[in-house]
Amino acid sequence: QVQLVESGGGLVQAGGSLRLSCAASGRTLSSYAMGWFRQAPGKEREFVAARYWSGGSTYYADSVKDRFTIFRDNAKNTVYLQMNSLKPEDTAVYYCAATRWGLSMKKYEYDYWGQGTQVTVSS
């Protein structure tokens, strides 16, 4: 089992930055891929970013490319989502997820999920 706990959400003005954290525990994640997803009210949960825990390729949704960065700290067993130049349309609950099935943008391919953290961007 893998446990994921997100933190770092909050209220920020448009143009500002936030860094979300996802602390992982339960087993070694070196063979997993990690993803961030978000869900706005009344909308489907959508892909934001993903990378292998061990490094290598990263995927980003077009809507966040060049603004968001996914990275990890092995020593802290934590994956991060650095969000810059935030826009009101980035407002959502952000979820961290882990999958054994390879780097993916598809939410149904992820096995483990955190509880989510709210990000609100005011205009």
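In what follows, the structure referred to is the one given above.
The shown structure was predicted, so the numbers you read here are calculated from the model rather than taken from an experiment.

**Digging into the pattern of salt bridges**
As enumerated under the stated definition, the model contains six salt bridges in all. The partner of E46 in a salt bridge is R38, and the shortest N-O contact between them spans 2.6 Å. The exposure class of E46 is partly exposed, given its relative accessible area of 36%. Of the residues examined, R38 reaches a relative accessible area of 6% and is grouped as buried. Its salt-bridge partner being D90, residue R38 comes within 2.9 Å of it at the nearest N-O pair. Of this pair, R38 sits in strand β4 (residues 33–39) while D90 sits in the loop between β8 (78–83) and β9 (92–99), and the two are 52 residues apart along the sequence. Three or more residues joined by partner-sharing salt bridges are found here, namely R38, E46, R67 and D90.

**Observations concerning unusual backbone geometry**
Positive phi outside glycine occurs at N77, with the angle close to 50°. You can see N77 is positioned in the loop between β7 (68–73) and β8. We classify N77 as partly exposed; its relative accessible area is 26%. Even without glycine at this site, S85 takes up a positive phi of about 50°. Structurally, the position occupied by S85 is in the loop between β8 and β9. Judged by its relative accessible area of 41%, S85 is partly exposed.

**Focus: the side chain of R67**
Examined against the element boundaries, R67 turns out to sit in the loop between β6 (58–60) and β7. You can call R67 buried: its relative accessible area is 10%. In this structure the side chain of R67 is engaged in a polar contact, spanning 2.9 Å, whose partner is the backbone oxygen of S85. Apart from the residues lying within four places of it in its own chain, the contact partners of R67 are Q82, M83, N84, S85, L86, K87 and D90.

**Here we look at the state of the cysteines**
Using the criterion set out here, one finds one disulfide in the structure. Linked covalently through their sulfurs, C22 and C96 form a disulfide whose S-S length is 2.0 Å. Disulfide C22-C96: the torsion about the S-S bond is -75°, which places it as left-handed. A residue pair is termed long-range when its members are at least 10 positions apart, and C22 in strand β3 (residues 18–25) and C96 in strand β9 qualify at 74 residues. Pair check on accessibility: C22 and C96 agree, each one buried.

Conventions adopted
Residues numbered from 1 in each chain as written. Predicted model: local features only at pLDDT ≥ 70, side-chain atom pairs only at ≥ 80, totals over all residues. Heavy atoms only, no water. Salt bridge = Lys/Arg side-chain N within 4 Å of Asp/Glu carboxyl O. Buried < 20%, exposed > 50% of the residue type's maximum accessible area, 1.4 Å probe, protein only. Helix = DSSP H or I, 4+ residues; strand = E, 2+ residues; numbered from the N terminus. Polar contact = N/O pair within 3.5 Å; in protein donor to acceptor, adjacent residues only side chain to side chain. Contact = heavy atoms within 4.5 Å. Disulfide = S-S within 2.5 Å.

These figures come from the coordinates and say nothing about function on their own.
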